[in-house]
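Below, each chain spelled out in residue letters.
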Amino acid sequence: MVNLLKKVALLSVVLLYGQNGSSEEMLWCSGDRATSPICVELNDALLQRSDAEVLSNKAAMVTDPPWKAEDYADALTVYEEAKAQFENEYYGDAASKFSKSRDLYSALLSTLSLSIAMNKKLVDEVGETRNFQEAINAAKKLTAWGADSLTSTIVEMEAMRRDSARITKIAELLDVGEVQDAERIVGELESNIYAKEVQTYRARVSALKRDSQFSRLVSEGLKALDKNDLATAKITLVKARNLNPGSTTVNEALLSIKQRQRAIRIIAMKEVLSEHLQAENYLAALDVLRDLEAMDPSSNLRAKIAEISSYIEIENRIDTYADQLTSLSSVSLRKAIQEVIAEIESADVTRFGDRVESKYQQLKARYTALAVKVELELISDGISPVLIKPGGRLGEFKNLVLRVYPGNYRLSVRCVGRQELVTKIEVPAGAARRLVDLTCGI
């Protein structure tokens, strides 16, 4: 009886407002009629339909949804059944179907929300996980679902994925020493996600380059050493040592070069020493001898250095005495020359060389000539004291004969009541007796 009354009332509404006029139905159910059973069911059906419709539209707009197709089909079937029952005015049944479809759509959209959260996590954590393809697929799904516009992010992750392949290739190339190709691919990297790896690889590249350069320098240096090109070998191997100071091969090769160069230098210096000795250039020879001893303290050159030093000292003494030897009136000069003559004679003058021997013979001849005394006859007044320089006080005399060494002398007479009378004379070597009048005038 109740259903019959509902149908009669709804039929009246349909006849008055039209079959699909929900707004009209609500107008009919306003006022006192709002609490009628049919209006209560209608109102409930409309509310349920509204919620279900919103969710259905949302679900329908999702491209490539994450839910199962059969689940969506179930929700859509229930929704269509609810609409059909509503259109057939079975409002109570329609409300129940709309409610069920709403729950089914809610479950679908919950699956979507969960999938959105999961896929966002894949995208957000791609820098750590480096699951690029998975993250790219997630970004594409999120874009398709309208959750986010990740077009630029997808482009970036595509670059990361390509860089992943490049990083793998770089490692493979470095493992086989293909530095140039590895560097080229490093330059092709599009993102900075592999910054730490790139830093490590650059360090490896530098190390490989250094090792390659080191090997090349060692090879070139040893080849030059085999050819006895010591200068080139040393320059090249020193560069290699700068790259690897601890290399035994390089350090031993440099030591060998040093020894060879030292031996060559010693040979050259000995040749120079021989030339200096032949030229009687004893000063230069002494410098070479000292250099040789410094290079090899065990060379036992001290005796030779002492010998050459004695030659230089003898020649210096001869030169000094030759410059001073104008007279033998100086006792100290006369003794010094006698000593050097005795020393040279005992050592065999020829050992000093022709130049020193020639100087010595000249000195000796000059000394011998000056060693022959000459008679000097002096006449005075017998009362005035007379002095001779070099020499000393002669006293008062009228006639005095002296035997003096050739040279220059100064005779002074202290004449009574007058100024001192000074006479300078030169006594040449080999001269006959010379008469000097020192008488004070009136």
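Since this is a predicted model, take the numbers as computed values, not measurements. (Residues numbered from 1 in each chain as written. Predicted model: local features only at pLDDT ≥ 70, side-chain atom pairs only at ≥ 80, totals over all residues. Heavy atoms only, no water.)

Enquirer: Please provide a residue-by-residue account of the overall build of the protein chain, values included.
Expert: Tallying secondary structure elements over the protein chain gives 16 helices and 7 strands in all. Taking 442 residues into account, the globule formula puts the C-alpha radius of gyration at 22 Å, and the protein chain, at 65 Å, lies well above it. By its C-alpha atoms, the protein chain is 200 × 65 × 25 Å across when sized along the principal axes. A burial count over the protein chain gives 36% of its 442 residues as buried. Once local pairs closer than 6 in sequence are excluded, the contacts in the protein chain between residues at least 24 apart make up 55%. When the accessible surface of the protein chain is summed, it comes to about 26,000 Å², and 51% of that surface belongs to carbon and sulfur atoms. The protein chain carries 58 positive and 63 negative side-chain charges, and their two centres are separated by 13 Å. (Helix = DSSP H or I, 4+ residues; strand = E, 2+ residues; numbered from the N terminus. Rg over C-alpha atoms; globule rule 2.2 N^0.38 Å. Buried < 20%, exposed > 50% of the residue type's maximum accessible area, 1.4 Å probe, protein only. Contact = heavy atoms within 4.5 Å. Areas by Shrake-Rupley, 256 points an atom, 1.4 Å probe, with all protein chains shown as cover. Lys, Arg positive; Asp, Glu negative; His and termini not counted. Charge placed at Lys NZ, Arg CZ, Asp CG, Glu CD.)

Enquirer: Provide a residue-level description of the sheet that holds strand β6 (residues 421-427), including the pertinent values.
Expert: Read from one edge to the other, the open sheet built from 4 strands follows the order β3-β2-β5-β6, with strand pairing classed as antiparallel. Edge positions in the open sheet fall to β3 (392-395) and β6, since each of these has one partner strand only. Ignoring strand direction, the axes of neighbouring strands in this sheet form an average angle of 25°. Pairing geometry for strand β5 (residues 407-413) and β6, over 7 bridges, is antiparallel. Each bridged residue has a counterpart across the sheet, and for arginine 410 the counterpart in β6 is lysine 424. (Pairing = 2+ DSSP bridges. Axes fitted to C-alpha atoms, helices over the stretch in contact; angles between N-to-C directions.)

Enquirer: Could you give an account of helix α13 (residues 282-295), with specific residues and numbers?
Expert: The terminal C-alpha atoms of α13 lie 20 Å apart, and with 14 residues this matches the ideal 20 Å at 1.5 Å per residue to within 8%. Here α13 has its buried residues at Tyr282, Ala284, Ala285, Leu286, Val288, Leu289, Leu292, Glu293 and Met295. On its buried face, α13 is in contact with α12 (248-278), α14 (302-324) and α16 (354-370). (Expected span 1.5 Å × (residues − 1).)

Enquirer: Can you explain the confidence of the model for the protein chain? Please cite residues and give values.
Expert: For the protein chain, per-residue confidence averages 83 on the pLDDT scale, and 91% of positions sit at 70 or higher. Mean pLDDT across the secondary structure elements of the protein chain bottoms out at helix α1 (residues 2-17), with 39, and peaks at strand β4 (residues 399-404), with 92. Ignoring residues within four places in sequence, the model shows residues 1-21, a span with pLDDT below 50, making 17 contacts including any to other chains. (pLDDT = per-residue confidence, 0-100.)

Enquirer: Just give me the short version of a positive patch on the surface, but keep the residues and values in it.
Expert: A contiguous patch of positive charge on the surface is contributed by Lys389, Arg410, Arg414 and Lys424. Among the secondary structure elements, arginine 414 is positioned in the loop between β5 and β6. By relative accessible area, arginine 414 is classed as partly exposed at 45%. (Patch = residues over 30% accessible without salt bridge, like charges linked within 9 Å, V, L, I, M, F, W, Y side chains within 5 Å. Salt bridge = Lys/Arg side-chain N within 4 Å of Asp/Glu carboxyl O.)

Enquirer: So what's going on with α14? Which residues, and what values?
Expert: Its 23 residues place the ends of α14 33 Å apart at the C-alpha level, agreeing with the 33 Å of an ideal helix rising 1.5 Å per residue. Where α14 is buried, its residues touch α12, α13, α15 (331-347) and α16.

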